[in-house]
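Listed below, chain by chain, are the residues.
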Amino acid sequence: MTGSPVFDFNNMSFAYSRQAALFNNISFQIHSGESVALLGANGSGKSTLLKIMCGLCHPQSGSFQAFGRKITGADFEDDSFSKHYHARIGFLFQNTQVQVLTTRVWDEIAYGPLQLSLPRSEVQRRVEDVLAFLDIGHLRERSPYRLSGGEQKKVALASVLVLNPQVLIFDEPTNGLDPRTQSWLVSVLLKLNEQGRTLIIATHNLELAHTLCPRSLLLSEQHQIIFDGPTDHILNDHEMLREANLIADFYHTHHNQMHTHRYTHQ
Ligand SMILES: Nc1ncnc2c1ncn2[C@@H]1O[C@H](COP(=O)(O)OP(=O)(O)O)[C@@H](O)[C@H]1O
Ligand SMILES: [Mg+2]
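Residues numbered from 1 in each chain as written. Chains lettered and ligands numbered in written order. Predicted model: local features only at pLDDT ≥ 70, side-chain atom pairs only at ≥ 80, totals over all residues. Heavy atoms only, no water.

Caption draft 1: View of the site of ligand 1. Surveying the vicinity of ligand 1 reveals the residues Tyr16, Gln19, Leu22, Ala41, Asn42, Gly43, Ser44, Gly45, Lys46, Ser47 and Thr48. Measuring from a nitrogen atom of ligand 1, one finds a side-chain N or O atom of tyrosine 16 at 3.3 Å. Threonine 48 places a polar side-chain atom, nitrogen or oxygen, 2.5 Å from an oxygen atom of ligand 1. In isolation ligand 1 exposes 560 Å². Once the protein is present, 60% of that is buried. Partitioned by chemical class, the residues of the shell around ligand 1 number 3 nonpolar, 7 polar and 1 charged. (Near = heavy atom within 4 Å. Polar contact = N/O pair within 3.5 Å; in protein donor to acceptor, adjacent residues only side chain to side chain. Areas by Shrake-Rupley, 256 points an atom, 1.4 Å probe, with all protein chains shown as cover. Nonpolar A, V, L, I, M, F, W, Y, C, P; charged D, E, K, R; others polar.)

If you want it as structure tokens, here you go:
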């Protein structure tokens, strides 16, 4: 079940300063409650598009609306707008180390809610809830800098979830995680979507898109959206996947036998 538009891109164009346009006239919508994969090869523009959704980059022309309101760079000069926008839209960076702000996991997770000036007791309750939800209570006294990659990802996710965002944006969430942590993350994301949260997941992991996202957007290496529709359709369109550089050598030889894979070798 999906509802009102969360994000609405209308003929949006974007360039990093003084460079040629990266995006030209991009239009699409994402609705409340959807789980959408943003697929594309390295350099296709996935992270940049997510940064626009998070208010970290701003279009040069066309419009970008969030929750029915046009969003511009000037909005983020207002500290209160900025804090509340980031509480509504949680963003898990690809490199979660850049998100670390304190030296103790508990304080790390409490940081965002304290910034929102929530009462101490409410902050405490929220931190304990999220520690329990993600089953990471044992990490509470540890230093975020001394955790394994998987543990760091869990703490970064906790720091996002503690703000109770309606929309969750993930940049390559499974990169660098071991298989058990990957499947743990997938089950958490499925649970969050079942709770009604909107998920947007940038990835070139087609298995992940298949498992988590009924809908996919595909960015070409020329930064255009060349597909917007059911994930099952795009995963069966090998021609387009190859054109977008998401699969290669679809027909190849192992043990002298010519065979095919639906996905690339991981
Ligand atoms: N801060 C930046 N300044 C200038 N160019 C950038 C910046 N960040 C990314 N780019 C360029 O924008 C293009 C898209 O990058 P990105 O959005 O990171 O793609 P993806 O996440 O799909 O790998 C690439 O050509 C990249 O080099
Ligand atoms: Mg990226």
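Now, onward.
Caption draft 2: Quick look at helix α5 (residues 149–161). The terminal C-alpha atoms of α5, which comprises 13 residues, lie 18 Å apart, in line with the 18 Å expected from a rise of 1.5 Å per residue. In terms of burial, α5 is largely enclosed, as 11 of its 13 residues are buried. Within α5, the full set of buried residues consists of Gly150, Gln152, Lys153, Lys154, Val155, Ala156, Leu157, Ala158, Ser159, Val160 and Leu161. On its buried face, α5 sits against β6 (89–92), α3 (105–115), α4 (120–133), β7 (167–171) and α6 (179–194). (Helix = DSSP H or I, 4+ residues; strand = E, 2+ residues; numbered from the N terminus. Expected span 1.5 Å × (residues − 1). Buried < 20%, exposed > 50% of the residue type's maximum accessible area, 1.4 Å probe, protein only. Contact = heavy atoms within 4.5 Å.)

Caption draft 3: How the structure looks around the sheet that holds strand β8 (residues 198–203). Spatial strand order, β6-β7-β8-β3-β9-β10: 6 strands in an open sheet with mixed pairing. Across the chains shown, the open sheet's two edge strands, defined by having one partner strand only, are β6 and β10 (225–230). Taking the axes of each pair of neighbouring strands and ignoring which way they run, one obtains an average angle of 15° across the sheet. Relative to β8, strand β3 (residues 35–40) runs parallel, the two being bridged by 5 bridges. Bridged to leucine 38 within β8 is alanine 202. α6 contacts β3, β7 and β8 of the sheet and is inclined by roughly 145° relative to β8. (Pairing = 2+ DSSP bridges. Axes fitted to C-alpha atoms, helices over the stretch in contact; angles between N-to-C directions.)

Caption draft 4: Broad picture of helix α1 (residues 46–53). Most of α1 is tucked away: 6 of the 8 residues are buried. Those residues of α1 lying buried are Lys46, Thr48, Leu49, Leu50, Ile52 and Met53. Of the residues one or two after α1, glycine 55 is the one with positive phi, at around 80°.

Caption draft 5: The arrangement of the packing of aromatic side chains in detail. Summed over all chains, the structure comprises 8 aromatic pairs. Arranged with centres 4.6 Å apart and planes meeting at 25°, the rings of phenylalanine 9 and phenylalanine 28 form a pair that is stacked. Placement of phenylalanine 9 in strand β1 (residues 5–14) and of phenylalanine 28 in strand β2 (residues 23–31) is noted, with a sequence separation of 19 residues between them. Side by side, phenylalanine 9 and phenylalanine 28 carry an identical accessibility label, which is buried. When the ring of phenylalanine 91 is compared with that of phenylalanine 93, the centres are 4.7 Å apart and the planes differ by 35°; the resulting orientation is tilted. Take phenylalanine 93: its relative accessible area is 29%, and that puts it in the partly exposed class. Put simply, the rings of Phe7, Phe9, Phe28 and Phe64 touch in pairs and so form one group of aromatic residues. For the cation-ring pair, lysine 154 lies above tryptophan 184, with the distance from its terminal atom to the ring centre recorded as 4.5 Å. (Phe/Tyr/Trp six-rings, centres within 6.5 Å; stacked < 30°, edge-to-face > 60°. Lys NZ or Arg CZ within 6 Å of the ring centre and 35° of its normal.)

Caption draft 6: Just the packing of α3 against α4, in detail. Remark: α3 packs on α4, axes separated minimally by 9 Å, with the N-to-C direction vectors making an angle of 130°. Between α3 and α4, the angle falls in the class oblique. Like other packed secondary-structure pairs, α3 and α4 cross with a definite hand, here right-handed. Where α3 approaches α4, its residues Trp106, Ile109, Ala110, Pro113 and Leu114 are matched on the opposing element by Arg120, Val123, Gln124, Val127, Glu128, Val130 and Leu131. Classifying every residue of the contact of α3 with α4 gives 9 nonpolar, 1 polar and 2 charged. (Parallel < 35°, antiparallel > 145°, perpendicular 65-115°, else oblique. Left-handed = near helix turned anticlockwise from the far one by under 90°.)

Caption draft 7: Region of the structure containing the sheet that holds β2. Taken together, the 4 strands give an open sheet; going across it, the order is β2-β1-β4-β5, and neighbouring strands pair in antiparallel fashion. Two strands in the sheet have a free side with no partner beyond their single neighbour: β2 and β5 (69–70). Relative to strand β4 (residues 61–66), β1 runs antiparallel, the two sharing 5 bridges. Its bridge partner lying in β4, asparagine 10 is registered against serine 63.

Caption draft 8: How the structure looks around the nonpolar core. One finds Ile109, Leu134 and Leu157 to be the most contacted residues of the largest nonpolar core, which totals 50 residues. Apart from residues no more than four positions distant in its own chain, leucine 134 is found in contact with Lys154, Leu157, Ala158, Leu161, Trp184 and Val188. Val6, Phe14, Phe28 and Leu38 belong to the second largest nonpolar core, which has 32 residues in total. (Core = buried A, V, L, I, M, F, W, Y, C linked by side-chain atoms within 4.5 Å.)

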